[in-house]
Structures are given as structure tokens and as C-alpha cells.
Amino acid sequence: MAEHTGRRCCLGWDFSTQQVKVVAVDAELNVFYEDSVHFDRDLLEFGTQGGVHVHEDGLTVTSPVLMWVQALDIILEKMKASGFDFSQVLALSGAGQQHGSVYWKSGASQVLASLSPDLLLHEQLQACFSISDCPVWMDSSTTAQCRQLEATVGGAQALSCLTGSRAYERFTGNQIAKLYQQNPEAYSHTERISLVSSFAASLFLGSHSPIDYSDGSGMNLLRIQDKIWSQACLGACAPHLEEKLGLPVPSCSVVGAISSYFVQRYGFPPGCKVVAFTGDNPASLAGMRLEEGDIAVSLGTSDTLFLWLQEPTPTLEGHIFCNPVDPQHYMALLCFKNGSLMREKIRDELASSSWSEFSKALQSTEMGNSGNLGFYFDVMEITPEIIGRHRFSAENHEVSAFPWDVEIRALIEGQFMAKKIHAEGLGYRVMPKTKILATGGASHNRDILQVLADVFGTPVYVTDTANSACVGSAYRAFHGLAAGTDVPFSEVVKLAPNPRLAAAPTPGASQVYEALLQRYAMLEQRILTQTRGPPE
Ligand SMILES: Nc1ncnc2c1ncn2[C@@H]1O[C@H](COP(=O)(O)OP(=O)(O)O)[C@@H](O)[C@H]1O
Ligand SMILES: O=C(CO)[C@@H](O)[C@H](O)COP(=O)(O)O
């Protein structure tokens, strides 16, 4: 018998850019089961790279919706084959890569409600989508729609005050506007638009799941203060949008019981609750049990940096989302598109495709890289909007190449200096008791975390699993079970294992990076001025 038989638990799912992952967490908050399906490796027939298709224009980026459905089938079948005891699952929740959208064709709700347990999900949902390739967060093809949306509500700052962000290309409202303008027929045949998170919840529910406030904040459509759709924004994007989105709900809502499909095919108990799914970054905030004053750095496909906020302070850079675990509060987030895939590219070019070779370069070079600085943005960056590779010598002269080990250190130092500078731009200051909580695939790399600790001058902690979005989803499922009794999230997760120290700042690091950070900020501004003219 498998070791995980008969343990009452909650499941946490993550539909992220490169894979679908799951964890099972027991009542003592121990993770006792983890699994994943990797799109590029395990679903070759979809031909994705890094989980996505980059189109010919270099701006449009999509993922096949049926790939996500099939990944869920595969992972559930793997769990069944391993003897996983689904009858003990009290509740489940999940996360999705943020901003991506799924378009359910008219009639899909009937199909969802009457699935046969004899067939896999992807066999039955083939005809349920009006768009087979979903726009995802890496898309940057909607600049025209962004400008139109900002103009409608009185400018970028006005939109930020309303929805928590100025218009961003990847934000769902702008993606919906583009779809409506370019393919009005598909739009009119769409009965429901989901985020990746609420789409995944819908599969478990057997009906359309509502969008939660926190992931809904990444659409440029939700009024983050009163938590209702902005009629002005909806109207600027597409007609009849409110009915296609449904009403948003608090992130800790129980959205229903699991559908009979899962009861009959896998043996889930009929009372198993589905707690609203949310964005992967909000779910990570829950998984890391982030506290006010801490900084979370997620090193997944994207790099993100996020903070807990009491009050929203929307600006022209970064995003404010509704907080996923406390409806009175908020979170601030910065997203960097050139994260793991950029690191992988440099690793493949210079370190024989090996993370241990990559680490050797970090170990053999000095903090501060003898003054050499680099910017590595093979795709148009979000924070800041720069493309290309730019290298500078200690004298601020642009140079065309660095030795391989200097290049690797310049990449990692540059990525973390950008995070510190832009976090400070949001008003964030490192305090004596500040700690960084790191998560995501690259947080397995101790040498990368050492650079993070040195650049920020702050200790870096990790949790036992780098899958904090999954773990956070399982914690949120427990919270959803208890929330009827108004228990705060912190109470529900108080037994969870504490994060452990992974890297402490090297003595002398602050002095080295103080001057370098100023140069990095100055050079970033120089590149921006060269590419788009002086600031207004
Ligand atoms: N030892 C390592 N050092 C650096 N990066 C790593 C290491 N192991 C995995 N990664 C990176 O982690 C990334 C995947 O992170 P993950 O958080 O699982 O992504 P996502 O949730 O977006 O699918 C990979 O693209 C890979 O580059
Ligand atoms: O666009 C954002 C956040 O605004 C990204 O962080 C996506 O949410 C993708 O997440 P990962 O798959 O990289 O975790």
C-alpha cells in the first residue's frame, strides 16, 4: 500500500507557465505528496517551448488550452496509479499563471456538468473552447488596446488608482479587447471568459468558477478598493463583458463541491470542497506565510518580487493586487519577464547547459564583478521596458562581450540589482529585521541565493518545497474549510514549518553594492533614454 493512504488532506494545484504541479498537505501541514507534468517534456505533441508558443510577430504568446486539460488528466492518472487515496481529500484549491485567459464556447457549461467518468477530460472538452490558443502573461501585443483603455478612464495614473496598475499588455482586459477587435465572431460565441486560475477551478467544479479578487486584480478591470468590475473599463474593452466574466468573489470563498466526475473516476468524497483558485504569485504569498516587512522573491519562469501592503498605493510602475488571504489588505508586485528562461539561455551558451558549471562562475568571481555590469533582456522586459543585452565596463563604457564567468555574474547581479532598485521605487526600504523569502525553480540554487542576499544586504530564507504556489493553495484550501468560522489565515497555518536560512549577506556586501546600485540605476536610465528618448 502506498504510504500516503488514509491521510486526511487538502490538495494544492499550480497551473504555471511550464508545468502543472500538485501537492497534498495533511492536517498537521506536512507535504506528503508532490507531482508535476512538464508541458515541453511530457506533452511533446503540443510543441511548446517553455510552455508557450511565441508567434511570428514576436509579441503574441499563447498556450494551447487542451494542453493544460491533458496535463491535469496525466497527473490525476499518475496519482491514481501511485495509490493516492483521493477519498481523504477534504478540500482543494489552486493557482494559475496570472493574466492568461480561457474562452469557453457556448454550450461548454452543459458539457462540464455532464462529463462521463469513463473518459479523460481532454477527450470530452475538445469542442468547448472558442479559442484553442490562449493569450498568456508573456504576450506583449496589445499596446494599442492599452493606450485606448488608459485614454477612456483619464490616463495611466487614473487607471492605476482604479485597478491597481496602469495598462499592461499582458493584463486580461487588454487581451480581451484585442480578441474582440480581431475575432468578433469567436468573442460572440464565448459564454464565459476565465483566468487560468478560474478555468482550472471550473474543471474541478464541473461548472464555471468565479474569478477571485486577487487574481482578478491582474486584469485592469477590477476596482481594487470596492472589489467590483469597473463599468468604464469593461465598456472600453468589449461589449457584454460583465456577463462573460461573472461576479468576482473573495479569494477564500468555497465556490462549490467537487464535480461527480472526480467522485466517480478517482474516488474523491462528494463533499470535497473547491476553494476559489487564485494567481500563482498570490498563492505563493500564502505558501510562504509572508508577513508585513518581508520581501518575497519568486524565481520561476518569470521573476517576481512582492510585498504585503496595508493600504493600496498605486503608481505607474508595478501592480497592486487585492490580498489573497486578508480581504482588508493588499499586495504589491513587480514582474520581470527575463527570469529563468534568460538564465537558462546564458547557462546553455556559456556553462555547458549545467547549473553546477553556472554556479562555478558565481563562486570564482568577486562580489561587484570588478565593476562590470550587464542588462540581459532577450525579450522586451516589463520592469523596465528595455530589450537587448547591454554590457558596461567599470568606466561605464559599453562593451560587446565579457569573459564567460564575468557574464554569468553580471547577469545574476543585474537581475537582483534591478529588483532592489524597482522595489525601492515602490517605496520599499530594507529594515534591520527584513528577510527575503525565495521560491520558484531557481531558489534551489544556493549560489544564486547568495548573490540575492549580498545585493539586498538581507538574509534569504527558503521553505522546504520551492513549490510555494502549490503549498499556498493547499493552505488556502484549509483556510477555506475554516473560513466559515472567520478564522484568520495566520491561525490556520501557524503549525506550518518555518522557512530556513539559505544565505546570509557576506561581510562588506553593502559597501560593494551601494555604489554599484547607483551606477546600475544610472545606466538603466541611459539605455531607456537611448531607446525611447528623454523622460517627459
Ligand atoms: N538549480 C537551478 N538553478 C537555477 N535555476 C533552476 C535550477 N533548477 C531549476 N531552475 C529553473 O527553474 C525554472 C522553473 O521554475 P518553476 O518555479 O518550476 O517555474 P513555473 O512555476 O513558472 O513553471 C526553470 O525554467 C529553470 O530554469
Ligand atoms: O505575469 C506575471 C505576474 O504579473 C507572472 O508572474 C505570471 O504569473 C507567471 O508566473 P510563473 O509561471 O513565472 O510563476
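Residues numbered from 1 in each chain as written. Chains lettered and ligands numbered in written order. Predicted model: local features only at pLDDT ≥ 70, side-chain atom pairs only at ≥ 80, totals over all residues. Heavy atoms only, no water.

**Brief notes about the site of ligand 1**
- By nearness alone, 15 residues border ligand 1, and Ser16, Gln19, Lys21, Thr301 and Glu344 come closest of all.
- Residue Gly441 places a main-chain N or O atom 2.9 Å away from an oxygen atom belonging to ligand 1.
- In the complex, the protein chains occlude 82% of the 580 Å² of accessible area that ligand 1 would expose alone.
- Listed by contribution, the elements that provide at least two residues to the shell around ligand 1 are strand S2 (19–26) and helix H15 (340–350).
- Here the shell around ligand 1 is built from residues that sort into three nonpolar, ten polar and two charged.
- Both domains that furnish three or more residues to the shell around ligand 1 are identified here as domain 1 (9–282) and domain 2 (289–465 + 497–535). (Near = heavy atom within 4 Å. Polar contact = N/O pair within 3.5 Å; in protein donor to acceptor, adjacent residues only side chain to side chain. Areas by Shrake-Rupley, 256 points an atom, 1.4 Å probe, with all protein chains shown as cover. Helix = DSSP H or I, 4+ residues; strand = E, 2+ residues; numbered from the N terminus. Nonpolar A, V, L, I, M, F, W, Y, C, P; charged D, E, K, R; others polar. Domains from an automatic or database assignment.)

**Quick look at helix H19 (residues 468–482)**
- Helix length check: H19 (15 residues) gives 21 Å between terminal C-alpha atoms against 21 Å at 1.5 Å per residue, within 8%.
- Burial of H19 is extensive: 13 of the 15 residues sit out of reach of the surface. (Expected span 1.5 Å × (residues − 1). Buried < 20%, exposed > 50% of the residue type's maximum accessible area, 1.4 Å probe, protein only.)

**Details of the UniProt feature "domain: Carbohydrate kinase FGGY N-terminal" (unreviewed entry) in the chain**
- Taking the numbering used here, the UniProt-annotated feature "domain: Carbohydrate kinase FGGY N-terminal" (unreviewed entry) corresponds to residues 133–287.
- In residues 133–287, the share of helix is 49% and the share of strand is 14%. The end C-alpha atoms are 30 Å apart. (UniProt positions renumbered as here; feature names shortened; annotations may be inferred.)

**Some points on the pattern of salt bridges**
- One pass over the structure, following the stated rule, counts 20 salt bridges.
- For Arg265, the salt bridge goes to Glu77, with nearest N and O atoms at 3.0 Å. Taken as a pair, Arg265 in helix H13 (residues 260–266) and Glu77 in helix H2 (residues 65–81) lie far apart in primary sequence, 188 residues in all.
- The salt bridge involving Glu150 is made with Arg147; its shortest N-O contact spans 3.3 Å. Of this pair, Glu150 and Arg147 both sit in helix H5 (residues 143–153), three residues apart, which is roughly one turn of the helix.
- For Arg147, a relative accessible area of 40% puts it in the partly exposed group.
- Here the salt bridges share partners, and the residues they tie into one network are Lys345, Glu349, Asp378 and Arg389. (Salt bridge = Lys/Arg side-chain N within 4 Å of Asp/Glu carboxyl O.)

**Considerations on the site of ligand 2**
- Residues in contact with ligand 2 amount to 14 residues; listed here are only the nearest, Thr17, His99, Arg170, Asp280 and Ser302.
- Between Asp280 and ligand 2, the recorded distance is 2.7 Å, taken from a side-chain N or O atom to an oxygen atom.
- Note that an oxygen atom of ligand 2 is positioned 3.0 Å from one of the side-chain N or O atoms of Asn281.
- Considering ligand 2 on its own, with 380 Å² of exposed area, one finds that the protein chains cover 96% of that surface.
- In terms of residue class, the shell around ligand 2 is built from three nonpolar, nine polar and two charged.
- When we break the shell around ligand 2 down by domain, the ones giving at least three residues each are domain 1 (9–282) and domain 2 (289–465 + 497–535).

**A word on the domain arrangement of the chain**
- When its domains are assigned, the chain resolves into domain 1 (9–282) and domain 2 (289–465 + 497–535).
- Averaged C-alpha coordinates put domain 1 and domain 2 at centres separated by 28 Å.
- Between domain 1 and domain 2, the contact holds 32 residues from the first and 28 residues from the second.
- Carbon and sulfur atoms supply 57% of the area buried between domain 1 and domain 2, which totals about 2,500 Å² over both sides.
- With its nearest N and O atoms 3.3 Å apart, the salt bridge here joins Glu385 to Arg166. (Contact = heavy atoms within 4.5 Å. Buried area = accessible area lost by both parts, 1.4 Å probe.)

**Considering the sheet that holds strand S20 (residues 388–392)**
- Strand order across the open sheet formed by three strands is S19-S20-S21, with antiparallel pairing between neighbours. Pairing within the sheet leaves two strands with one partner each, and these edge strands are strand S19 (373–377) and strand S21 (398–399).
- Sheet analysis places S20 next to S21, joined by two bridges and oriented antiparallel. When the sheet's bridge partners are listed, Phe392 is paired in S21 with Glu398.
- Packing of H15 onto the sheet brings it into contact with S19 and S20, and relative to S20 it is tilted by some 70°.
- Docked against the sheet, helix H17 (residues 404–425) engages S19 and S20, running at close to 75° with respect to S19. (Pairing = 2+ DSSP bridges. Axes fitted to C-alpha atoms, helices over the stretch in contact; angles between N-to-C directions.)

**A closer look at the sheet that holds strand S8 (residues 133–135)**
- Across the sheet, three strands lie side by side as S4-S5-S8; this open sheet has antiparallel pairing. Two strands in the sheet have a free side with no partner beyond their single neighbour: strand S4 (53–54) and S8.
- Where strand S5 (residues 61–64) meets S8, three bridges bridge the pair, whose relative direction is antiparallel. Looking at the pairing, Pro64 lines up with Asp133 of S8.
- Relative to S5, H2 is tilted by about 40°, and along the sheet it contacts S5 and S8.

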